[in-house]
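The chain contents come next:
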Amino acid sequence: MDEDPPLPPPITTSDELYAYDEVAHKLLVAQKPWARDPHYFKRVKVSALALMKMTAHCKRGGDIEVMGMLQGYAKDDAFIVLDVFELPVEGTETRVNAQAEAYEYMVEYTHTCKAVGRHENVVGWYHSHPGYGCWLSGIDVNTQSMNQRYGEPFLAIVIDPIRTSRAEKVEIGAFRTYPDGYTAPEEPSTSSNLGIPKSKIEDFGVHANKYYSLDVSFFKSSLDARNLDSLTKKYWVNTLSSSTLLANRKLIASQVSDMEGKIAKAEKEIKRGGPTTTSSASLASMSMSPTSGSNLEKAGDVSALGTVTQDAISLAIEQSKMFASYAVKCALFDAVSAHKEKNDDVEMQAADA
């Protein structure tokens, strides 16, 4: 008697996200609920594949901004990002521009995907902010506004590869802009300009009332889970033995150099009698507190001296964590090595006897 074929594994919620419903997506586009509610989209779900490809691309770019496109669909109040692809664009350390060649490449790539049965749409773009956090500059806001005007639904994702390497977790943000003439609700600012280089500090926060951020979460299929587990078992030693101090030495040097420039600027302001909302004595006492960074922010210190003080405290705390991690790893691996050498000596003595 023939045996029944084995049942397939149950489809999990994550697996269901890979099933693109073209009819439902077109219906959502026809209804345009975001036209009635500028804050309609609230969530972004990014697949493990898309996250790894974006992070790898941004890391390869180093100090140069890179750019790519997001593929997926919109469902209810969420964007589902299934895959991404890179764009051949020219970037600088603070700006990335998509030229005609990039747009031609995007159209050709999308048509090729549909020809092989990949019917997901381009639902946004991503680019990197190497070393200065996840937010939208003035150029980013204009680019995203234009894309939302002519290509809805559309999303912007920003990844900081430098801070990703430093924190050992992906530094990512997702954003959408408000339509022209819309007055954004007043919300308490959660952004910080700590670590942002002088070349970008003037643009930071200037356009914050023109866009809003979306909650970002990640998902993986059952196949992705098995593959990632295999990679973790194979490369966990490499991850454990890696040193953030060595990996981020270039970033640390640039941050120290940036602080030197900010200190020089603060000295000029003090000599000119510029704004100092907090006295030097207060800054010194606050800097000795365990919660020094938050104390300075609560004090409302917006002077150049206050900013560079916060930068220095933040950098010192990060360096302390890196040194502590390095010391723990050294103690762990040195202990294992010493134990192995001791066992080898015992075995050699036993063999000689």
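In this text, all values refer to a predicted model and were calculated from it rather than measured experimentally.

Some remarks on the overall build of the chain
No. 1: Summing up its helical and strand segments, the chain has 14 helices and 9 strands in all.
No. 2: For the chain, the residues scored as buried account for 37% of the 353 residues in total.
No. 3: Once local pairs closer than 6 in sequence are excluded, the contacts in the chain between residues at least 24 apart make up 76%.
No. 4: Total accessible area computed for the chain in this model is approximately 21,000 Å², and 57% of it derives from carbon and sulfur atoms.

Comments concerning the confidence of the model for the chain
No. 1: Confidence in the prediction of the chain, expressed as mean pLDDT, is 78, and 75% of residues score 70 or more.
No. 2: In this model residues 8-12 is a low-confidence stretch, pLDDT under 50, and it forms 2 contacts with partners more than four residues away in sequence or in other chains.
No. 3: Long-range and interchain partners of residues 276-301, a stretch whose pLDDT sits below 50, account for 32 contacts in this model, where long-range means more than four residues apart.

Details of the pattern of salt bridges
No. 1: Taken as a whole and judged by the stated rule, the model has 9 salt bridges.
No. 2: For Glu 22, the salt bridge identified is with Lys 26, shortest N-O distance 3.4 Å. One end of the pair is Glu 22 and the other is Lys 26, both in helix H2 (residues 22-31) and 4 residues apart, which spans about a single turn.
No. 3: Lys 26 gets classed as exposed once you look at its relative accessible area, which sits at 53%.

Let's talk about the packing of aromatic side chains
No. 1: Within the structure shown, the criterion is met by 12 aromatic pairs.
No. 2: Geometrically, the ring pair formed by Phe 41 and Phe 79 is tilted, given 4.3 Å between the ring centres and 35° between the ring planes. With a gap of 38 residues between them, Phe 41 in the loop between helix H3 (33-36) and strand E1 (43-47) and Phe 79 in strand E3 (residues 78-86) connect regions that are remote in the sequence. For the pair Phe 41 and Phe 79, a shared accessibility class is recorded, and that class is buried.
No. 3: Among the aromatic residues, ring-to-ring pairing joins Trp 34, Tyr 40, Phe 41 and Phe 79 into one connected group.

Here's the deal with the sheet that holds strand E7 (residues 155-159)
No. 1: The mixed closed barrel is built from 7 strands, whose spatial order is E1-E3-E2-E6-E7-E8-E9. Strand-to-strand twist across the sheet, computed as the mean angle between neighbouring axes with direction ignored, equals 35°.
No. 2: As paired elements, strand E6 (residues 121-128) and E7 share 5 bridges and run parallel to each other. Directly across from Ser 128, in E7, lies its bridge partner Ile 159.
No. 3: Against the sheet, helix H6 (residues 138-151) contacts E6, E7, strand E8 (172-177) and strand E9 (211-219), and its axis sits at roughly 60° relative to E8.

Re the pairing of E3
No. 1: Extensive coverage of E3 is indicated by the burial of 8 of its 9 residues.
No. 2: Sheet topology note: the E1/E3 ladder contains 4 bridges and is parallel. Following the sheet pairing, Arg 43 is matched in E3 by Ala 78.
No. 3: Sheet analysis places strand E2 (residues 67-75) next to E3, joined by 8 bridges and oriented antiparallel. Directly across from Gln 71, in E3, lies its bridge partner Asp 83.
No. 4: Between the antiparallel neighbours E2 and E3 lie 2 residues, among them Asp 76 with a positive phi of about 55°.

Some remarks on the nonpolar core
No. 1: Core analysis: the largest hydrophobic core is formed by 26 residues, its most contacted members being Met 54, Leu 70, Leu 155 and Ile 157.
No. 2: Those elements that place two or more of their residues in this core are E1, helix H4 (48-61), E2, E3, E6, E7, E8 and E9.
No. 3: No other element matches H4, which puts 4 residues into this core.
No. 4: Residues within four places of Met 54 in sequence aside, it is in contact with Val 46, Leu 70, Val 84, Tyr 126, Ile 157, Ile 159 and Ile 172.
No. 5: Among the nonpolar cores identified, the runner-up in size contains 10 residues, and Met 67, Met 69, Phe 85 and Phe 154 belong to it.

Here we look at H4
No. 1: An ideal rise of 1.5 Å per residue puts 20 Å on 14 residues; H4 measures up with 20 Å between its terminal C-alpha atoms.
No. 2: Along H4, the residues that are buried comprise Ala 48, Ala 50, Leu 51, Met 54, Thr 55, His 57, Cys 58 and Gly 61.

Cut-offs and rules
- The numbering scheme is per chain: residues are counted from 1 as the chain's sequence reads.
- Local features in this predicted model are restricted to residues of pLDDT 70 or higher, and side-chain atom pairs are both shown and tallied only at a pLDDT of 80 or more, whereas totals for entire chains, interfaces and linings draw on every residue.
- Processing note: side-chain calculations cover all non-hydrogen atoms of the structure and skip hydrogens and water entirely.
- For helices the rule is a DSSP run of H or I covering at least 4 residues; for strands it is a run of E covering at least 2, with both sets numbered from the N terminus onward.
- Summary of the burial criterion: residues with accessible area below 20% of their type's maximum are buried, those above 50% are exposed, and those between are partly exposed, where the area comes from a 1.4 Å probe applied to protein chains only.
- Contact definition: two residues touch when any of their heavy atoms are within 4.5 Å.
- With residues, only the protein chains shown are counted as cover, and all accessible areas are computed by Shrake-Rupley using a 1.4 Å probe.
- Scored from 0 to 100, pLDDT records how confident the predictor is in each individual residue.
- By salt bridge we mean one thing: a side-chain nitrogen of Lys or Arg within 4 Å of a carboxyl oxygen of Asp or Glu.
- Note on aromatic contacts: the rings of Phe and Tyr and the six-membered ring of Trp form a pair at centre separations within 6.5 Å, being stacked when their planes are under 30 degrees apart, edge-to-face when over 60 apart, and tilted otherwise.
- Strands are treated as partners if at least two bridges between them are detected by DSSP.
- Convention adopted: a line fitted to C-alpha atoms gives each axis, helices being fitted over their contacting stretch, and angles between N-to-C directions are expressed from 0 to 180 degrees.
- Within this scheme, the nonpolar core is defined by two criteria: the residues are buried Ala, Val, Leu, Ile, Met, Phe, Trp, Tyr or Cys, and they are joined through side-chain atoms within 4.5 Å.
- Expected span of a helix, by definition, is 1.5 Å for each gap between consecutive residues, and there is one gap fewer than residues.

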